[in-house]
Every structure is written in C-alpha cells, then in structure tokens.
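A structural walkthrough
Given next are the chains, with one letter for each unit.
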Amino acid sequence: MFPKLRLKHKPSLISLAGGMQAIPCTDAAMRATPLQPQQWQQKLAAAAAVNAAVEQGREAPSKRVVVMDLRNDYEWDAGHFDCAPRPQEEVFAETPGVGEAGVPSPLQGADPDNTEVMMYCTGGIRCDVYSALLRQKGFKNLYSLHGGVQHYLREAGNEHWRGSLFVFDGRMAINPALEGQLQEDEGLPAAVPCQMCAKAPAALPHVNCANIDCNELFIACNACKTKYHGCCCEACQSAPRLLRPIKISGGNYGSWGNYADVDSLSPVIATGRRHEGRVARRARRREALQAKREAVLTQRKELRAAVKAAVRAADEAQAAQQAAQQAAAEAAAGAAAGTARQPVVA
C-alpha cells in the first residue's frame, strides 16, 4: 500500500492562494460548527428539500443551502454527496484564498449573513482551514462534517453519498460502507460515467494516462481503457516517448525506469529523453517555474503602476477642478464687490 516512506517538514498540510499565515485556523471559534455523521445526514436531507423548493419557486432563492466539496475535482468524480456541485478548481490550492476578493463558485452571489454553508472533505482538515477563511469573509452559518467522508461512510453508510471515496495511497479508492458486499472481481462504483465514452459505468480506481508525458489522472470503463491502450485520449496513443503498459484494473504506475527494460520501449524512451539526467530535468523545470513567477511578478508590478497612475490622474483632475471652482468663486466674489462699490445715480 505504501511502497516508499518519506518524512518531510511542511509548514502546513494544505496550501491556499495567498498563503496560510493570515488564516486563524487554530482558533476554534473561527471554524465551522462540526456535525456528527447522523446530524450531517439529517441536515443534508433538509437541505435537499429546501433546495428543491427553491428550484420549484416555493422558497426564495436566499433560502438555498450551499453544499461545498473542498476536495480536488478528480476526487469528486470518484464520489460525492448529493447537492454538492463539482469544484471548478482542479486542485484545492486554487480555491480563492487570503487577499482575494472572490469566493468559490457555489458561494458567488450568496448572502454571507443568512446563507447556510455545509462543507466536507476527506478527513476534515480542509474544512477547519477554509471555514476560518470564510468566517473572515463574513459568512456566519458554517457547518462541517466531523471526521470527514471516511468517518461518515463508516458510521452512517452510503445514504446521500454517490460512488466511492478517493484516497491518496496505493488503493486510490475505498468504500467502508460496501465492505463484504462486493464480488471478488467487482470494482468500486464511481459517481460519474466513463470520462471517455460518457456512457458505460466507470471502473475505479483512477489510472494515469499510459503516455508518460501526459500522465493525466482519469477514470474510464474497461472497454475504453483497452480501446485507447491505457491512454486518456486518441492523441496520446501516438506519444513521442514512452507508452506504458495498459492498467485495466487502475492504480498507480511505478517509476518510468520499470518499463525501460522492455525491448520495444527502450528505443522510444532513449529517443524521447534526449539523454537528459534527472538533475538536468529538475533544473529545466525550475527554470520554467522561475520564468513563470517572474512573468506573474512583472504583471503585478505593471498592474500596480497602472493603478497608481490612474489614482494620480484622478487626484490631479480633482485638484484642477477644485482650483477652477475656487477661481470662479473668487471671480464671482470680486464682481459682486465691484458692483457694490458703484455709485447710485439719482
């Protein structure tokens, strides 16, 4: 399950745009109200009823309950709760964070004072962090699933849940509520159909594209995996470099070197690698990342300069307008004084 163990020091388990320092996630009063699985189950059923009434026009739009999935979009594909839309951000780190005026798409246009927000994630950590940020943004009625989805599936079963739970180990997908109920060759259910044909049920777990240069994580039916030779699309089948073996059962690939001993693959991998070593590839990636960061910083500097120029121009225009008004007032006062000094002819 865990073929390799690495210990790393990280300042935070998760990351957000704008950093984590300004988020009071250690203050329990700033976090969402935690709900036990049974409480979450009841509140989710009530939210579904309210949202249905809103759709039918029997309730005002302001009564809508927002259910937010704070995981990555591919985790939502494996399984999610009813009423929770698919995250528009590919990964959670792209969710609007500190210093950004925006909020996630489900909260856009919502009234912070009255809108009820229910949020969940795999184990509950992201909810603790992001609920504190939403509290800073003015949202008051915040609720989170205590212990996350994995705790809910163990305690409350599959009610209001679709599919299975994505996990970040060798299993890639679990569903504690279905333990002992599946046949030996039966895969775990996904919440969405095959992402290639959009018709057949998808087979979990996810699999990476066999094209090592793409490596896209996707779910598909066994027929499409076979048809496209383990690739995520037709274009990836003509990869200029290494095409790894098909993984019909899904799961993670090993290191690319595991497949370089195959005679049919060695020429392809040698040609595609351009004889670069790992250090050279890492240096190239760092250079590309540095160039990207410099471009972002340049864009920000240009934006700040444009804003300062606009403010300066507005200040100058306002000062000129005030000077013109003052001059006009002084001229009018002088004319009135001259008229008052003129002698009256009898």
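Look up: the structure comes first, before these words.
Here is a short report on the structure shown in this document. (Residues numbered from 1 in each chain as written. Predicted model: local features only at pLDDT ≥ 70, side-chain atom pairs only at ≥ 80, totals over all residues. Heavy atoms only, no water.)

1. Describing the pairing of strand S5 (residues 141-145)
Buried residues dominate S5, accounting for four of its five residues. When strand S4 (residues 116-120) meets S5, the two strands line up parallel, connected through four bridges. Bridge pairing in S5 links Met118 to Tyr143. The parallel pair S4 and S5 is bridged by helix H3 (residues 125-136), and the resulting crossover is right-handed. (Buried < 20%, exposed > 50% of the residue type's maximum accessible area, 1.4 Å probe, protein only. Helix = DSSP H or I, 4+ residues; strand = E, 2+ residues; numbered from the N terminus. Pairing = 2+ DSSP bridges. Right-handed = clockwise from strand over helix to strand, strands pointing away.)

2. Comments concerning the pattern of salt bridges
One pass over the full model with this rule turns up nine salt bridges. A salt bridge links Glu55 to Arg64; the nearest nitrogen and oxygen atoms lie 3.0 Å apart. The class for Glu55 is exposed, based on a relative accessible area of 60%. For Arg64, a relative accessible area of 32% gives the class partly exposed. Asp82 is the salt-bridge partner of Arg162, the closest N and O atoms lying 2.7 Å from each other. Residue Arg162 is located in strand S6 (residues 161-163), and its partner Asp82 is located in the loop between strand S3 (79-81) and S4; the two are separated by 80 residues in the primary sequence. (Salt bridge = Lys/Arg side-chain N within 4 Å of Asp/Glu carboxyl O.)

3. With respect to H3
The end-to-end C-alpha separation of H3 is 17 Å, in line with the 16 Å expected for twelve residues at 1.5 Å each. Among the residues of H3, those classed as buried are Arg126, Cys127, Val129, Tyr130, Ser131, Ala132, Leu133 and Leu134. Where H3 is buried, its residues touch strand S2 (66-69), helix H2 (73-78), S4 and S5. Positive backbone phi, at 105°, marks Gly138, one or two positions downstream of H3. (Expected span 1.5 Å × (residues − 1). Contact = heavy atoms within 4.5 Å.)

4. Some details on the packing of aromatic side chains
Under the definition given, this model contains eight aromatic pairs. An angle of 75° between the planes, with centres 6.1 Å apart, marks the rings of Trp40 and Tyr120 as edge-to-face. On the criterion of sequence distance, the pair formed by Trp40 in helix H1 (residues 37-55) and Tyr120 in strand S4 is long-range, its members being 80 residues apart. Relative accessible area serves as the criterion here: at 0%, Tyr120 is assigned to the buried category. Centre to centre, the rings of Phe81 and Tyr120 are 4.8 Å apart; their planes meet at 90°, and the pair counts as edge-to-face. Remark: Tyr120 occurs in strand S4 and Phe81 occurs in strand S3; sequence separation between them is 39 residues. Taken individually, Phe81 and Tyr120 each receive the classification buried, so the pair is uniform in this respect. Three or more aromatic residues link up through ring pairs in this structure, and these residues are Trp40, Phe81, Tyr120, Tyr152 and Trp161. (Phe/Tyr/Trp six-rings, centres within 6.5 Å; stacked < 30°, edge-to-face > 60°.)

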